[in-house]
Amino acid sequence: MTQDELKQAVARAAVEYVPTGIIGVGTGSTANFFIDELAKVKHRIDGAVASSEATAQRLKGHGIPVLDLNAAGELEVYVDGADEITEHLHMIKGGGGALTREKIVAACSKKFVCIADASKLVGVLGKFPLPVEVIPMARSYVAREMVRLGGHPVVRQGYVTDNGNIILDVHGLTILNPVELETRINQITGVVTNGIFAVRPADVLLLGSPEGVRTLAG
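Calculation notes
- Residues numbered from 1 in each chain as written.
- Predicted model: local features only at pLDDT ≥ 70, side-chain atom pairs only at ≥ 80, totals over all residues.
- Heavy atoms only, no water.
- Helix = DSSP H or I, 4+ residues; strand = E, 2+ residues; numbered from the N terminus.
- Polar contact = N/O pair within 3.5 Å; in protein donor to acceptor, adjacent residues only side chain to side chain.
- Contact = heavy atoms within 4.5 Å.
- Pairing = 2+ DSSP bridges.
- Axes fitted to C-alpha atoms, helices over the stretch in contact; angles between N-to-C directions.
- Core = buried A, V, L, I, M, F, W, Y, C linked by side-chain atoms within 4.5 Å.
- Buried < 20%, exposed > 50% of the residue type's maximum accessible area, 1.4 Å probe, protein only.

### Structural notes on the side chain of Ser52
Move 1: You can see Ser52 is positioned in the loop between strand 2 (45-50) and helix 3 (53-61).
Move 2: Side chain to side chain, Ser52 and Thr27 meet in a polar contact 2.8 Å long.
Move 3: In this view, Ser52 contacts Thr27, Ala98 and Asp162; residues no more than four positions away in its chain are not counted.

Written out as structure tokens, the structure reads:
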């Protein structure tokens, strides 16, 4: 099976977790497959909260109402992909740049369903560069702090987040304690948030492999 076929398989499996009401939808290539599958059962939901402008446009393109999170309140489920995920369901996210809004929507959801192909499952987080969303004037300061933590930060060139900020992609980290590092980086002045999702991990992982979709629960 190709990587796209694996993503499509987990996207189909995730539809089984879609309740009635309002759901949260993530950002990225795997989330896009989910949106396409969601369109087939859009009569079951009242609408969706999008974690990025790109996701909002794709949802609207399928005729799925996009709602403001402040008006929607607590969500039953949030479905999104990951750049890396461990068997403890800790993740690195933000390769697509939407980490802050993804983290907000995840925090407002009762259940977080992560959908990923088998290549995203790792023993230790950090091979994928850790995205850190930063207020622009704090770029150099935050970069120096990330060097002190053992990372090699690189500004994502030509990219501005939906919130008007920049992203530092931090290479070279070996993240042995994701909860601790997530909290520590978020305490650096000028950081909006970082791409470690461990304080609020996924509740369920649907992992696509050639043998089928595996389900891992936290």
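### Regarding the sheet that holds strand 6 (residues 109-117)
Move 1: Spatially, six strands are ordered 2-1-3-6-12-13 in an open sheet, and the strand pairing comes out mixed. Each edge of the sheet is formed by a strand with only one pairing partner; in this case those strands are strand 2 and strand 13 (212-217). Neighbouring strand axes in the sheet, compared pairwise and without regard to direction, differ in orientation by 20° on average.
Move 2: Sheet topology places strand 12 (residues 204-209) next to strand 13; six bridges connect them, and they run antiparallel. Counterpart to Ser209 in the pairing with strand 13 is Gly212.
Move 3: Strands strand 1 (21-25), strand 2, strand 3 (75-80) and strand 6 of the sheet are contacted by helix 2 (residues 29-38), whose axis makes an angle of about 155° with strand 1.
Move 4: Here helix 5 (residues 99-107) sits on the sheet in contact with strand 1, strand 2, strand 3 and strand 6, set at roughly 145° to strand 3.

### Brief notes about the nonpolar core
Move 1: By size, the foremost hydrophobic cluster in this structure holds 25 residues, and its most contacted members are Ile23, Val25, Phe34, Leu38, Leu59 and Ile115.
Move 2: Counting only elements with at least two residues in this core, the list comes to helix 1 (3-14), strand 1, helix 2, strand 2, helix 3, strand 3, strand 6 and strand 12.
Move 3: Take this core: its biggest share by element is four residues, from helix 2.
Move 4: Excluding anything up to four places from it in sequence, Leu38 contacts Val15, Val18, Ile23, Val25, Ile45, Leu59 and Ile64.

### With respect to the pairing of strand 6
In summary, the side chains of a regular strand alternate between the two faces of the sheet.
Move 1: Summarising burial for strand 6: seven of the nine residues are buried, a large majority.
Move 2: In the sheet, strand 3 pairs with strand 6 via five bridges, with the strands oriented parallel. For Val77, the partnering residue across the bridge sits in strand 6 and is Lys111.
Move 3: As defined by bridge partners, strand 6 adjoins strand 12 across five bridges and the pair is classed as parallel. Within strand 12, the residue paired with Asp117 across the bridge is Gly208.

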